[in-house]
Amino acid sequence: MTGSTPPWKRRFSKRKADEGPIDEGPQYGARDDERGSAGTGAASLEPAADRGDLPASVDVPAPVARRRAGAIRERARQSARKGGERARAGLAFLADRIIELAPRVPVRDLATLRRQFPGLGPEELADKLVAGAAKATATVGAGVGAAAMLPVPPAMPTELAAEVTGVAAIELKLIAELHEVYGVRPPGSLKQRSTAYLDSWSGERGIDTTKPSTYSTALNSRMKRELRQRIMKRMVRNMPNLMPFLVGAAVGAAMNRSETRKLAARIRQDLRRIQVPWDALDALPALEQPADALRMGAITHDPLGHHDDEREGGADDKRDGGADGGRDGGR
């Protein structure tokens, strides 16, 4: 229409909106065209539940995170399982090694000991044997500790195994000779006596020859289990021997000396109860020596086998009095 104002230039009416009651809030059940019904009369600030159109809560992990956590847990279980299998395999190998070495340990009979230590009674002679064995195991601990002056993790299991094997051979020799001193040599062949001494070492107890049921002269599952436990205990105790900067050498020497003395004290306490006096002891036959006897001097001075030479080992044995004689008495 000619002369009319276009729609976009028209001005709205300045009528005031209905402000409603000033002192009253929104009425319960009242409906707002844009917000809908007030419902409870106030808007809730709590997160809406069961809303599929809202993002997932941060408290509930997403499926990807759950799968990742499950994979990590499974890998940890597999690693622990493999580590346990390796540890059991290592203990079984070390136990088999000690079982193999036990019959090769040279043992002096009572007549030989009395000739080498004339004028000594049973207790004085036993003290000499314990002192010599403690000195030998301390030397082994110091040697391994010195070799581990700068520890290399791949070499640590080998060093611990060498130390435990050397200490076991020395302590087996001590146990066998203490039984000779107290007059309670177990009956049987060389292999049977070695197994009985191995049972005594793993159980840290003396052999009561009057009760054959208390010890075994044949390998069985109980003895192997106790042997593995004994090896594990010694390896855990010997871990400080691998401390760097020659600290492990001093620690290893002190710990091995103390452990050997404790073992000897337990063995002697058991043997004193069943001791047979020398004047009442029947003449015992000479002990048969193993054909391939261990060189105890080489074990003492070179536990890791760095200089495994026949001539050098022979020289060590001569210097140590055949690893049997001399004033040390326990090598």
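Residues numbered from 1 in each chain as written. Predicted model: local features only at pLDDT ≥ 70, side-chain atom pairs only at ≥ 80, totals over all residues. Heavy atoms only, no water.

(A) Broad picture of the overall build of the protein chain. A count of helical and extended segments in the protein chain gives nine helices and two strands. Traced from its N-terminal end to its C-terminal end, the protein chain shows the element sequence β-β-α-α-α-α-α-α-α-α-α. Burial analysis of the protein chain (331 residues in total) assigns 37% to the buried set. Taking contacts inside the protein chain between residues at least 6 apart in sequence as the whole, the part at least 24 apart equals 73%. A total of about 20400 Å² of accessible surface is found on the protein chain, and carbon and sulfur atoms cover 55% of it. (Helix = DSSP H or I, 4+ residues; strand = E, 2+ residues; numbered from the N terminus. Buried < 20%, exposed > 50% of the residue type's maximum accessible area, 1.4 Å probe, protein only. Contact = heavy atoms within 4.5 Å. Areas by Shrake-Rupley, 256 points an atom, 1.4 Å probe, with all protein chains shown as cover.)

(B) Main features of the pattern of salt bridges. Taken as a whole and judged by the stated rule, the model has 18 salt bridges. Where Asp 292 meets Arg 104, a salt bridge forms, and the shortest distance between an N and an O atom there is 3.5 Å. Of the two residues, Asp 292 is situated in the loop between helix H7 (247-273) and helix H8 (296-301) and Arg 104 in the loop between helix H1 (63-101) and helix H2 (110-116); the sequence distance between them amounts to 188 residues. Given a relative accessible area of 44%, Asp 292 falls into the partly exposed group. In this structure, Asp 270 engages Arg 273 in a salt bridge whose closest nitrogen and oxygen atoms are separated by 2.9 Å. With Asp 270 and Arg 273 both in helix H7, this residue pair falls three residues apart, about one helical turn. Take Arg 273: its relative accessible area is 62%, and that puts it in the exposed class. Counted as one network, the salt bridges with shared partners bring together Glu 171, Glu 204, Arg 230, Lys 233, Arg 234 and Arg 266. (Salt bridge = Lys/Arg side-chain N within 4 Å of Asp/Glu carboxyl O.)

(C) Region of the structure containing the nonpolar core. Counting residues in hydrophobic clusters, the biggest one holds 54 residues, and the most contacted among them are Ile 98, Leu 178, Trp 201 and Ile 231. Mapped onto this core, the elements with two or more residues apiece are H1, H2, helix H3 (122-147), helix H4 (156-181), helix H5 (190-203), helix H6 (221-237), H7 and H8. Per-element tally for this core: the top contributor is H4, with 12 residues. Apart from the residues within four sequence positions on either side, Ile 231 is in contact with Leu 91, Leu 94, Ala 95, Ile 98, Val 164 and Trp 201. (Core = buried A, V, L, I, M, F, W, Y, C linked by side-chain atoms within 4.5 Å.)

(D) Expanded view of H7. For H7, built from 27 residues, the straight-helix expectation of 39 Å at 1.5 Å per residue is met to within 8% by its first-to-last C-alpha distance of 40 Å. Listed as buried for H7 are Gly 248, Ala 249, Gly 252, Ala 253, Asn 256, Glu 259, Thr 260, Leu 263, Ala 264, Ile 267, Arg 268 and Leu 271. As for H7, its buried residues are in contact with H3, H4, H5 and H6. (Expected span 1.5 Å × (residues − 1).)

(E) The arrangement of the confidence of the model for the protein chain in detail. When pLDDT is averaged along the protein chain, the result is 76; 68% of the residues meet or exceed 70. By mean pLDDT, the top-scoring element of the protein chain is H2 (92), and the lowest-scoring one is helix H9 (residues 310-319) (43). With pLDDT under 50 throughout, residues 309-331 is counted as low confidence; its partners more than four residues away or in other chains account for 52 contacts. (pLDDT = per-residue confidence, 0-100.)

(F) Molecular detail of the side chain of Asp 199. Along the chain, the position of Asp 199 falls in helix H5. In this structure the side chain of Asp 199 is engaged in a polar contact, spanning 3.0 Å, whose partner is the side chain of Arg 205. Beyond its immediate sequence surroundings of up to four residues, Asp 199 is in contact with Arg 205, Tyr 215, Ser 216, Arg 222, Met 223 and Glu 226. (Polar contact = N/O pair within 3.5 Å; in protein donor to acceptor, adjacent residues only side chain to side chain.)

(G) Representation of the packing of aromatic side chains within the structure. Under the criterion given, the structure shown has zero aromatic pairs. Positioned above the aromatic ring of Trp 201, the side-chain terminus of Arg 230 is 4.8 Å from the ring centre. (Phe/Tyr/Trp six-rings, centres within 6.5 Å; stacked < 30°, edge-to-face > 60°. Lys NZ or Arg CZ within 6 Å of the ring centre and 35° of its normal.)

(H) Inspection of the environment of Leu 120 at higher detail. Summarising the element assignment, Leu 120 is placed in the loop between H2 and H3. For Leu 120, a relative accessible area of 26% translates into the label partly exposed. When residues no more than four places from it in sequence are discounted, the contact partners of Leu 120 are Leu 125, Lys 128 and Trp 278.

(I) Here's a closer look at H4. The end-to-end C-alpha separation of H4 is 37 Å, in line with the 38 Å expected for 26 residues at 1.5 Å each. Counting buried residues along H4, 22 of its 26 residues qualify, which places the element largely inside the surrounding structure. One or two steps after H4, the chain reaches Gly 183, where phi turns positive at roughly 70 degrees.

(J) Highlighting the side chain of Asp 109. For Asp 109, the position within the fold is in the loop between H1 and H2. Once residues within four sequence positions are removed from consideration, Asp 109 is found in contact with Glu 180, Arg 185, Ala 286 and Leu 287.

(K) Expanded view of the packing of H5 against H6. At a minimum axis separation of 8 Å, H5 and H6 run at an interaxial angle of 50 degrees. Judged by the angle between their axes, H5 and H6 are oblique. Read as a crossing pair, H5 and H6 show a hand that is left-handed. Each of Thr 195, Leu 198, Asp 199, Trp 201, Ser 202 and Gly 203 in H5 lies in contact with H6, whose residues at this interface are Arg 222, Met 223, Glu 226, Leu 227, Arg 230 and Ile 231. (Axes fitted to C-alpha atoms, helices over the stretch in contact; angles between N-to-C directions. Parallel < 35°, antiparallel > 145°, perpendicular 65-115°, else oblique. Left-handed = near helix turned anticlockwise from the far one by under 90°.)

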